[in-house]
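Okay, here's what each chain looks like letter by letter:
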Amino acid sequence: MSGTSLSFSPNTPDYSRSLWYNVSQTVGCGGPADDAATVLSCVRSRNASIILSAAATVPALSTQALAQATFHPTVDNVTVFSDYQQLAASGEFAKIPLLAGNTDQEDGWYRISGWAAKLNFTNAQWDLFTERAFTCPAALSAKYRVQHGVPTWRYRYFGDFDNIRLYNSSAGLSPRGSAAYHGVDLNTVFGTAPDNSGLFNSKAQDATIKYVRGAWAAFARDSRKGLTQYGWPTYNATGKSWVRTDISLSTLLTIRKGKTLVALAYNNTSKPTFLDSTAYDKACPAKNDPLPGRGAF
């Protein structure tokens, strides 16, 4: 849900090492010229609040978007790798079925922190933020799975329900208001919107929750066939995929050429809509540059 491995640039070992010594020196435990084991032991002896205060003063990386956490996953080529897209293109990933997607306006959430940080981004800059941190990584990750024969499904979540809306268009943050912002789809999967806002769900929202939960459960029960039986087309950006035209599964299989992106809560309705993904992916570069989306992860 939302980001993939192509959404962020991990720290280099040298950069992470500089962060570590920045903190160790701040708390009085020495730096790169000192014995590494002694520095480590000293930092471990310090009170946690002192270490956190020191870490908070470390300058963040330069960014085209929001500030990114400095202590970020670091390349070791064992658990974190330097070029995920090259690995993906080569098929160097677990060949297990993939369900991936993102919300329609991921930046709807981040515009609040952008406003708090006094960032005067244009709507085009926010669109680029969502594109490079969410849409393009999901598109590319799904594409490479399909190329290597992995059963893959891709969705885009559009729900914008009254009881989980963060702000409307009059707030001045976005022409569409908060729309389908980052994380809002979790409320649909877990049915937690009333817990967050204290407001009851609409009937359409309850129907959407039931449908989306059913889809996630179908994938969990049988990751290779569950969503096909549920009526979803396997993802293929340019080819053909079988799909049932009725989510009751009562009709014969038909082919919808190219329309394999599953639009959830489209116009706040529970029935899925099948879209051509190129409408959202056409601006994506062949190799994703996550820098405009920095700060999302």
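Going along each chain's sequence as written, the residues are numbered from 1 onward. Selection of residues for local features in this predicted model requires a pLDDT of at least 70, selection of side-chain atom pairs for listing and counting requires 80 or more, and totals for whole chains, interfaces and linings are taken over all residues. For the side-chain quantities, the full set of heavy atoms in the structure was used; hydrogens and water were omitted.

- Where an unreviewed UniProt entry is consulted, the chain appears under the name Carboxylesterase type B domain-containing protein, with the organism given as Epicoccum nigrum.

Comments concerning the environment of Pro97
Reasoning step 1: Take Pro97: it is sitting in the loop between α4 (84–89) and β1 (98–103).
Reasoning step 2: Relative accessibility thresholds used throughout: buried, under 20% of the residue-type maximum; exposed, over 50%; partly exposed, between the two (1.4 Å probe, protein chains only). By relative accessible area, Pro97 is classed as buried at 15%.
Reasoning step 3: Residues Pro97 and Thr70 lie 27 residues apart in sequence; the distance between their C-alpha atoms is 33 Å.
Reasoning step 4: Excluding its chain neighbours within four sequence positions, the residues that come into contact with Pro97 are Val150, Pro151, Trp153, Phe219, Ser223 and Arg224. In this text, helices come from DSSP runs of H or I with a minimum length of four residues, and strands from runs of E with a minimum of two, each type numbered from the N-terminal end. In what follows, a contact means two residues having at least one pair of non-hydrogen atoms within 4.5 Å.

A few points about the side chain of Asp104
Reasoning step 1: Along the chain, Asp104 turns up in the loop between β1 and α5 (107–116).
Reasoning step 2: Pairs of N or O atoms are called polar contacts if they sit within 3.5 Å, as long as, within protein, a hydrogen donor faces a hydrogen acceptor (for residues adjacent in sequence, only side-chain-to-side-chain pairs). Separated by 2.8 Å, the side chains of Asp104 and Arg176 make a polar contact.

Let's talk about the nonpolar core
Reasoning step 1: Membership of the largest hydrophobic core comes to 24 residues, with the highest contact counts inside it found for Leu99, Tyr155, Tyr157, Trp216, Leu227, Trp232 and Leu264.
Reasoning step 2: Per element, the largest residue contribution to this core is 6 residues, and it comes from helix α9 (residues 203–221).
Reasoning step 3: Residues within four places of Leu264 in sequence aside, it is in contact with Tyr155, Arg156, Tyr157, Phe158, Gly159, Tyr211, Val212, Trp216 and Trp232.
Reasoning step 4: Counting residues in hydrophobic clusters, the runner-up holds 11 residues, among them Tyr15, Val39, Val43 and Ala54. Throughout, nonpolar core names a set of buried Ala, Val, Leu, Ile, Met, Phe, Trp, Tyr and Cys residues whose side chains join them through atoms within 4.5 Å.

Details of the sheet that holds strand β5 (residues 261–264)
The strands that make up a sheet are held in pairs by hydrogen bonds between backbone atoms, and each pair lies either parallel or antiparallel.
Reasoning step 1: Pairing between strands is defined by DSSP: at least two bridges between them are needed. Here we have 4 strands laid out as an open sheet, ordered β1-β2-β5-β6, and mixed in their pairing. Lying at the two open borders of the sheet, with one neighbouring strand each, are β1 and β6 (273–275). Sheet twist, expressed as the average angle between the axes of neighbouring strands with direction ignored, equals 30°.
Reasoning step 2: Relative to β5, strand β2 (residues 152–157) runs parallel, the two being bridged by 4 bridges. Residue pairing for β5: Arg154 is matched across the bridge by Leu261.
Reasoning step 3: Here an angle of 0 to 180 degrees is reported between the N-to-C directions of two axes, which are lines fitted to C-alpha atoms, with helices fitted over the stretch in contact. Strand contacts of helix α6 (residues 123–147): β1 and β2, with the helix running at about 165° to β2, the strand carrying the most contacts.

Topic: the UniProt feature "domain: Carboxylesterase type B" (unreviewed entry) in the chain
Reasoning step 1: UniProt positions are given in the numbering used here, feature names are shortened, and annotations may be inferred rather than shown by experiment. Sequence positions flagged by UniProt for "domain: Carboxylesterase type B" (unreviewed entry) are, in local numbering, residues 1–113.
Reasoning step 2: End-to-end, the C-alpha atoms of residues 1–113 are 21 Å apart, and along that stretch the chain is 41% helix and 5% strand.

Quick look at the packing of α5 against α6
Axes are the key here: two packed helices are described by the angle between their axes and the distance separating the axes.
Reasoning step 1: Closest axis-to-axis distance for the α5/α6 pair is 10 Å, and the angle between their directions is 125°. The angle between α5 and α6 falls in the class oblique. Remark: the crossing between α5 and α6 carries right-handed chirality. Residues Asp107, Tyr110, Arg111 and Gly114 of α5 form the contact with α6, whose participating residues are Asn123, Trp126, Asp127, Phe129, Thr130 and Phe134. To sort the angles, those under 35 degrees are grouped as roughly parallel, those over 145 as roughly antiparallel, those from 65 to 115 as roughly perpendicular, and the leftovers as oblique. Note on convention: the crossing is left-handed when the near helix lies turned anticlockwise from the far helix by less than a right angle, right-handed when the turn is clockwise.

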